[in-house]
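If you want the building blocks of each chain, they are given just below.
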Amino acid sequence: MFKTKITDILGTKYPIVGGTMMWITNPEFVAAVSNAGGLGILASAIYQSRDEFATALDRTFELTNKPFAVNLNLFPMMRPIDNNEYLDVLIDKGVKIVETSGHSAPEELCDRFKQAGLIWIHKCVGVRYALKVQKMGVDIVTVVGYENGGATGQLDIGTLVLVPRVVESVDVPVIGGGGVSDGRGFLAVLALGAQGAIIGTRLLATQEAPIHEDLKQALVQATEIDTMLVMRSIGATHRVWSNAPAKKCAELEAAKAELPEILKVVSGEKAKIMYDKGDLDSGIIACGQGVGIAHDIPTVKELFERIITQAADIAKNLAGN
Ligand SMILES: Cc1cc2nc3c(=O)[nH]c(=O)nc-3n(C[C@H](O)[C@H](O)[C@H](O)COP(=O)(O)O)c2cc1C
């Protein structure tokens, strides 16, 4: 059940993509997602050099023989080395699927994807961006609505409207998300015309997610009103868990603080301390409204099986069987 163009193109068991998550989608977690039947995506920006990245790819190939992808972050601020260098390495290592996100895709890079025969997915938050990458030869567009954890852009269009708008505007298959945390959301984005679903926030509360147990418990306790938008004033709007540093960031923005002051609060290093040590007030974590639907901490495999079973049951009931 739920075989779609996305399962055909990507070669996954389920039409489910585990969203790229900075510091989190490392080889072990990517393998957990891919081995459970979804598409895991390695966040290349975690790795500071070609060698580190090459080692991470070797490790991922050791841990899974299922399809996985590599994310190239197009925000210049977000990545330690030039994306062309990550691309050299991933082509050399035999990666087949690449995802871009965070900004407009530069043409030279996309030409290289095509020359290397890679399947190219671009993640965006609006119709106009989807149309632009379609023109450039993208294979799959991922679109995430305003509910989503992480970058939300400036357009603020919810998943229920954005997914069908993109589906009706492009000819390539679409992966939809933003708020998908269970079988209901999964089936909903397929009903909206997407051929697959992307899930980020819900995966934070899984056994394998490489974040501290206290953080997982805090997220399980959080509800749908415990997220907020930050960094809009600096053109990098993100939906995050509304803990003390997130509120501090909003205060600084309201007071028109200088950029370095804001960046200090949102720094990736501080987030890493929270992830590793469970100090819940040390950094900011991207988090979508779908956190309100995460009530426990299953394995990734249990989560995906539950999503598929729930979606299949709903589809059956709706069909009157
Ligand atoms: C903790 C966290 C970190 C994320 N980091 C990134 C990232 O580095 N690059 C990226 O493209 N998307 C990132 N995202 C967004 C996800 O890949 C995905 O698009 C989003 O989580 C889907 O919406 P959902 O959270 O409502 O499921 C992140 C999301 C979360 C929750």
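For the structure, check the block above.
Each chain carries its own residue numbering, running from 1 in the written order of its sequence. In view of the model being predicted, local features appear only for residues whose pLDDT reaches at least 70, and side-chain atom pairs are presented and counted only at 80 or more, with totals across whole chains, interfaces and linings using the full set of residues. Where side-chain values are given, they derive from all heavy atoms of the structure, hydrogens and water being excluded.

**Considerations on the packing of aromatic side chains**
What counts is decided by this rule: Classification of ring pairs rests on two measures: the distance between centres of Phe, Tyr or Trp rings, Trp counted by its six-membered ring, which must be within 6.5 Å, and the angle between planes, read as stacked under 30 degrees, edge-to-face over 60 and tilted in between. Only runs of H or I of at least four residues qualify as helices and only runs of E of at least two qualify as strands under DSSP, and these elements are numbered from the N terminus. When accessible area is computed with a 1.4 Å probe and restricted to protein chains, residues below 20% of their type maximum are described as buried, those above 50% as exposed, and intermediate ones as partly exposed. Any Lys NZ or Arg CZ found within 6 Å of a ring centre and within 35 degrees of that ring's normal is scored as a charge over the ring.
On inspection of all chains with the given rule, the structure shows 5 aromatic pairs. Centroid distance Phe2 to Phe186: 5.2 Å. Interplanar angle 90°. Geometry classified as edge-to-face. Of this pair, Phe2 sits in the segment before α1 (5-10) while Phe186 is found in helix α8 (residues 183-191), placing the two residues 184 residues apart along the sequence. No difference in accessibility class separates Phe2 from Phe186, as the two residues are buried. When the centroid spacing of 5.0 Å and the interplanar angle of 80° are considered together, the rings of Phe53 and Tyr86 count as edge-to-face. Note that Phe53 is positioned in helix α3 (residues 50-63) and Tyr86 in helix α4 (residues 83-93), a separation of 33 residues in sequence. There is no split in this pair, since Phe53 and Tyr86 are both buried. Among the aromatic side chains, those forming a connected cluster through ring pairs are Tyr47, Phe53 and Tyr86. Note that Arg239 overlies the ring of Tyr146, its terminal NZ or CZ placed 4.7 Å from the centroid.

**Things to note about helix α11 (residues 244-254)**
Rule in force here: Summarising the geometry, the arc corresponds to the directions from the helix axis toward the C-beta atoms. In what follows, residue pairs with any heavy atoms lying within 4.5 Å of each other are defined as contacts.
Of the positions making up α11, those classed as buried are Pro245, Ala246, Cys249, Leu252 and Glu253. For α11, the angular spread of buried residues about the axis comes to 120°, placing them on one side. Of the exposed residues in α11, those oriented more than 90 degrees away from the buried face are Glu251 and Ala254. As for α11, its buried residues are in contact with β10 (227-230), β11 (238-241) and α12 (259-265). With its phi angle positive at about 55°, Lys256 sits one or two positions after the end of α11.

**Side note on the sheet that holds strand β5 (residues 119-124)**
We count it as follows: Paired strands, in this sense, are two strands between which DSSP finds at least two bridges. To obtain each axis, a line is fitted to C-alpha atoms, and for helices this fit is confined to the stretch in contact; angles are then taken between N-to-C directions over 0 to 180 degrees.
On the basis of which strands lie adjacent, the open sheet formed by 8 strands has the order β1-β9-β8-β6-β5-β4-β3-β2 and parallel pairing. Strands with a single pairing partner mark the edges of an open sheet, and in this sheet they are β1 (16-18) and β2 (40-43). Averaged over all pairs of adjacent strands, the angle between their axes in this sheet comes to 25°, without regard to strand direction. Note that β5 and strand β6 (residues 140-144) share 4 bridges and pair parallel. Of the residues in β6, the one forming a bridge with Cys124 is Val143. Strand contacts of α8: β1, β8 (174-177) and β9 (196-199), with the helix running at about 135° to β9, the strand carrying the most contacts.

**Here we look at the site of the ligand**
The following threshold applies: Proximity criterion: a residue is near a molecule or strand once any of its heavy atoms comes within 4 Å of it. Residues adjacent in sequence count toward polar contacts only when both atoms are side-chain atoms; beyond that, a polar contact is any pair of N or O atoms within 3.5 Å, and within protein one must be able to donate a hydrogen and the other to accept it. Each accessible area is a Shrake-Rupley estimate made with a 1.4 Å probe; only the visible protein chains count as cover when residues are assessed. Charged means Asp, Glu, Lys or Arg here, nonpolar means Ala, Val, Leu, Ile, Met, Phe, Trp, Tyr, Cys or Pro, and polar covers whatever is left, Gly included.
Around the ligand there are 18 residues in total, and Thr20, Ser101, Lys123, Gly179 and Thr201 lie nearest to it. For the ligand, an oxygen atom lies 3.1 Å from a polar atom in the backbone of Gly149. Protein coverage of the free-state accessible area of the ligand, which is 610 Å², stands at 93%. Here the shell around the ligand is built from residues that sort into 7 nonpolar, 10 polar and 1 charged.

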